[in-house]
Every structure is written in structure tokens, then in C-alpha cells.
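What follows is the residue order along each chain.
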Amino acid sequence: MRFGTVPLAEAGGLISAHTVRRADITLRKGAVIGPEEATGLARTGLSEIVVAALEPGDVGEDEAAARLAGCLRGSNLRVESPFTGRCNLFAERPGVLTLDPTRIEAVNAVDEAVTVATLPRFRPVIEGEMIATVKIIPYAVPGAVLARACAAAGADALAVATYRRRRVGVVSTRLPSLKEATIDKTLRVLAERVAPTGAAIVAEARIPHTDDAVAAAVTDLIDRAGADLVVVFGASAIADRRDVIPAGIEAAGGHVAHLGMPVDPGNLLLVGARGDVPVVGAPGCARSPKENGFDWILHRLLADLAVTRADIVALGVGGLLMEIVSRPQPRAGGAVTGDARDPATDD
């Protein structure tokens, strides 16, 4: 693409690089200069104009943006019509955004003329939400540049994994220090948390804080109530893999994939499974409606996305979230004197 100043008499059919306003004439940036515009501007005394001119093999900004967006588009996404070199992608259904960051980075590394911006990977999205935008910086790009960008994107680089798990079972263990009102509130908060995904609590069990009771409750919720995801809220926070909740999951025939994660609030989360049903040992902060590490894992599991140990340990960068003021042991430990920790609401 050529770019620069040309005599107005030679500008017909070229692209106006900037918006030009003279008398009652307005020539918009990016508009093709027609004979009438050129003649009218000449009458105002204008003799030169800054233009862009496509060369053989160039692809116009709108066409280029649409073609690249089409390559990036995966399942449950729609691409809107391009405008001013921009083409946006939107979620067609609620779910979790999936993408490969290395592919997006590779597209952006092809040439400064080509850019792609997305929401963060694994971000929960709603229907109609914009998840990515493609922007072509100049008025056109060489066809070879566009071809390299499309090749770097591959096919279906962006997609929305829809929510598939809809039946949530909840286990709440009891100790004398835990009020029934706290359990009631926890269930309300969880129900509100999963409602946008289409999921609901189908059954709940309130049991003693023992391995055997946890094992029996997990088994019953899966085998009898048909839960396809189980969340266990402990009356006391999980302190070790040999503690009550992980021991109970294993006694039910399940396994613990990972305990703990580098997200705060949310450090004391456990991820496991019994058969193909995920079982989550919720951190105490999950009793709060405020965002915490539990949300990040919950949405992935409801979308039936695997959550591995590698996935969890990769959450550290960006894992320092807003402090939950009600936590009895905030990060600034000096704010609490003595042993004021409430295990039921700890990390």
C-alpha cells in the first residue's frame, strides 16, 4: 500500500487517509475519493490531499479483518460485519472462553498491521458478549501478510465451551462452632453462583465432620441424586491431604487430583473426582459471593473442561485477588490478635 500526499487532481479512486472538512464538504477518513468530492474540494482551494492507494496483492482493511476473524472463529461464536478495519467476535451461548495464547501471540507477531485482542483465557462469558476483536491498523495489508496471520491462527483458535454439568450436589460438614444459618447462606450463595450457567443444586447433605460421613454423602449424591458435580464445604478448612474431606473422597472410591492453589482468596481448594464426576473441596472464601479462586475452577468444571494440576499451578500470575474484608485472617496478619481464625471461612 502506498501512503502519502498527492495532487487533488490525481486522488480520484484513492482512499482519504484523514477526515477533510472544507466549507460544506466532509470527506471521511477511509472513504474512497469520488469525482464529485475531488471537484468540490478543488473549488475550496485545496490542491493536495493525503491518501492511501492499494497495490496489487493488497487486501482492504475490512476484508482482511473479516477473513482473519473467520479463521479464528470456533464453536459457539459469531462474527459481525467488519467496519473501519475492525471485526468483532461474540459468544452465541453462555460458557467459558477457550483459546491457545501462543496462537494469538503468533498472529500478533506476524506484522504490526495485524492485531487481535481477546478476553482472558477461561473467562466465563454470557450470550452476546464480545470475546475478541480483530483490527487491521492500515487501510490494507499485503495478501502475503494476511495469509501468514491466518496460518498462525489455524482453525478454531477461539471457542466457547458451553456449560454441560447442570446437577450440583452439596455436602456440608458440621461442627459445634458452625451455625446452621451459615450453611443456609452458603447454599444460597452457591445457588446464585451457578444459576447463570443453567446449573442448580439438586440435593444437599448436612453431616458430621468425619471421613465416613463425607464418603457416604458423596456416594449418595452421585449414585442416588444423580449429581454430576459435587461441592464439599467443610466445617473446618482442609489442612492436609490426610484431613477429613480428602480422606472421605478417597473412601468413597474417588481420588484427589490437587490440594491448594496459588490464588488468594482460594488457597485451600481441593480438586478431585469420583469416577467421571468432579468433586471440589471448597475453600472457606467460597461462602462469600465475592469473586475468589473457587469461581475460576467451578466454571471450568461446569463447562466440562478438565482441570489438571498443571492448570492450577499456572494460576499464580494474576492470582492475587481483592481481599475479602470479612475474612477473619486477612493477608495483613497483624490485623488479627490471638487465635481468631474461623476454619470454616479460612482461605
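Right, let's walk through the structure included here. Along each chain, residue indices are assigned from 1 in the same order as the chain's sequence is written. Thresholds applied to this predicted model are a pLDDT of at least 70 for local features of residues and 80 or more for the giving and counting of side-chain atom pairs; totals over whole chains, interfaces and linings are not thresholded and use all residues. Where side-chain values are given, they derive from all heavy atoms of the structure, hydrogens and water being excluded.

**Regarding the overall build of the chain**
Within the chain, the regular secondary structure consists of 9 helices and 20 strands. Every radius of gyration here is taken over C-alpha atoms, with the globule rule written as 2.2 Å times N^0.38, N being the number of residues. Compactness check: the chain gives a C-alpha radius of gyration of 28 Å against a globular reference of 20 Å for 347 residues, more than 25% above the reference. With respect to the principal axes defined by its C-alpha atoms, the chain has extents near 90 × 45 × 30 Å. Burial status across the chain gives 49% buried among its 347 residues. Counting contacts in the chain only where the partners sit at least 6 residues apart, residues at least 24 apart contribute 67% of the total. Summed over all atoms, the accessible surface of the chain reaches about 16100 Å², with 53% contributed by carbon and sulfur. The helix and strand labels rest on DSSP assignments: H or I over at least four residues marks a helix, E over at least two residues marks a strand, and numbering proceeds from the N terminus. A simple rule labels every residue: compare its accessible area, found with a 1.4 Å probe on the protein chains alone, to the largest value its type can have, and call it buried under 20%, exposed over 50%, or partly exposed in between. Only heavy atoms enter the contact rule, under which two residues are in contact if any of them lie within 4.5 Å. Only the protein chains shown count as cover for residues, and all accessible areas are computed by the Shrake-Rupley method using a 1.4 Å probe.

**Structural notes on the sheet that holds strand S10 (residues 114-118)**
A pair of strands is considered paired only if DSSP assigns at least 2 bridges between the two. What the 4 strands build is an open sheet, ordered S7-S8-S12-S10; its pairing is antiparallel. Of all strands in the sheet, those bounded by a partner on one side alone are strand S7 (77-79) and S10. The average undirected angle you get between the axes of adjacent strands in this sheet is 15°. Alignment of strand S8 (residues 86-91) against strand S12 (residues 130-136), held across 5 bridges, turns out to be antiparallel. Lines fitted to the C-alpha atoms define the axes, with helices restricted to the stretch that makes contact. Angles between their N-to-C directions range from 0 to 180 degrees.

**Describing helix H6 (residues 211-223)**
A helix is expected to reach a length of 1.5 Å times the quantity of its residues less one. For H6, which comprises 13 residues, the first-to-last C-alpha distance of 18 Å matches the rise-based estimate of 18 Å (1.5 Å per residue) to within 8%. On its buried face, H6 sits against strand S15 (167-174), strand S16 (200-208), strand S17 (229-233), helix H7 (244-251), strand S19 (270-274) and strand S20 (277-282).

**Regarding the pattern of salt bridges**
We define a salt bridge as a contact between a side-chain nitrogen of Lys or Arg and a carboxyl oxygen of Asp or Glu at a distance within 4 Å. Evaluation of the coordinates by the stated rule reveals 12 salt bridges. Across the salt bridge formed by Arg 78 and Glu 80, the nearest N and O atoms sit 2.8 Å from each other. For Arg 78, a relative accessible area of 31% puts it in the partly exposed group. Under the relative-accessibility criterion, Glu 80 is labelled partly exposed at 35%. Notably, a salt bridge pairs Asp 223 with Arg 274, separated by 3.1 Å at the nearest N-O pair. Placement of Asp 223 in helix H6 and of Arg 274 in strand S19 is noted, with a sequence separation of 51 residues between them. In the salt-bridge network here, residues are joined through shared partners; they are Arg 174, Glu 180, Asp 184, Glu 204 and Arg 206.

**Let's talk about the environment of Ile 25**
Looking at the element boundaries, Ile 25 is found in strand S4 (residues 25-27). Residue Ile 25 is classed as buried on the basis of its relative accessible area, which comes to 18%. As a C-alpha pair, Ile 25 and Thr 44 span 19 residues in sequence and 9.1 Å in three-dimensional space. Every residue in contact with Ile 25, bar those within four places of it in the chain, is listed here: Val 20, Gly 40, Leu 41 and Thr 44.

**Here we look at the packing of helix H2 (residues 61-72) against helix H4 (residues 143-153)**
Contact pair H2 / H4: the axes reach a minimum separation of 9 Å and the direction vectors enclose 15°. The orientation of H2 with respect to H4, classified from their angle, is roughly parallel. H4 is crossed by H2, and the crossing has right-handed handedness. Seen from H2, the contacting residues are Ala 64, Arg 67, Leu 68, Cys 71 and Leu 72; seen from H4, they are Leu 146, Ala 149, Cys 150 and Ala 153. The residue inventory of the contact of H2 with H4, partitioned by class, reads 8 nonpolar, no polar and 1 charged. When an angle is under 35 degrees it counts as roughly parallel; over 145 it counts as roughly antiparallel; between 65 and 115 it counts as roughly perpendicular; any other value is oblique. A clockwise turn of the near helix away from the far one marks a right-handed crossing, whereas an anticlockwise turn of less than a right angle marks a left-handed crossing. Classification convention: Asp, Glu, Lys, Arg as charged; Ala, Val, Leu, Ile, Met, Phe, Trp, Tyr, Cys, Pro as nonpolar; all other residues, Gly among them, as polar.

**Points about the side chain of Ser 16**
If you trace the backbone, Ser 16 turns up in strand S2 (residues 15-16). On the basis of relative accessibility, which here comes to 0%, the residue Ser 16 falls in the buried class. Side-chain atoms alone can form a polar contact between residues adjacent in sequence; in general such a contact is a pair of N or O atoms within 3.5 Å, and within protein one must be able to donate a hydrogen while the other accepts it. Only 2.6 Å separates the side chain of Ser 16 from the backbone oxygen of His 18, close enough to count as a polar contact. Other than its neighbours up to four places away in sequence, Ser 16 contacts Leu 27, Arg 28, Lys 29, Gly 30, Ala 31, Ile 33, Ile 49, Val 50 and Tyr 139.

**With respect to the packing of aromatic side chains**
How two aromatic rings sit relative to each other is given by the distance of their centres and the angle of their planes. Planes of paired rings set the category: under 30 degrees apart is stacked, over 60 is edge-to-face and the rest tilted, where pairs are Phe, Tyr or Trp rings (Trp by its six-membered ring) whose centres lie within 6.5 Å. Scanning the entire structure with this criterion turns up 1 aromatic pair. Two thresholds decide whether a charge sits over a ring: the Lys NZ or Arg CZ must be within 6 Å of the ring centre and within 35 degrees of the ring normal. Directly above the ring of Phe 122 sits Arg 300, whose terminal nitrogen or CZ lies 3.7 Å from the centroid.

**Considerations on unusual backbone geometry**
Each neighbour pair has its own omega, and for Asp 264 with Pro 265 the value is 0°, a cis peptide bond. Here Pro 265 lies in the loop between strand S18 (255-259) and S19. Phi angles above zero are rare outside glycine, and Asp 156 is one such case at about 55°. Along the chain, Asp 156 falls in the loop between H4 and strand S14 (158-162). The phi angle at Asp 304 is positive, at roughly 60°, despite the residue not being glycine.

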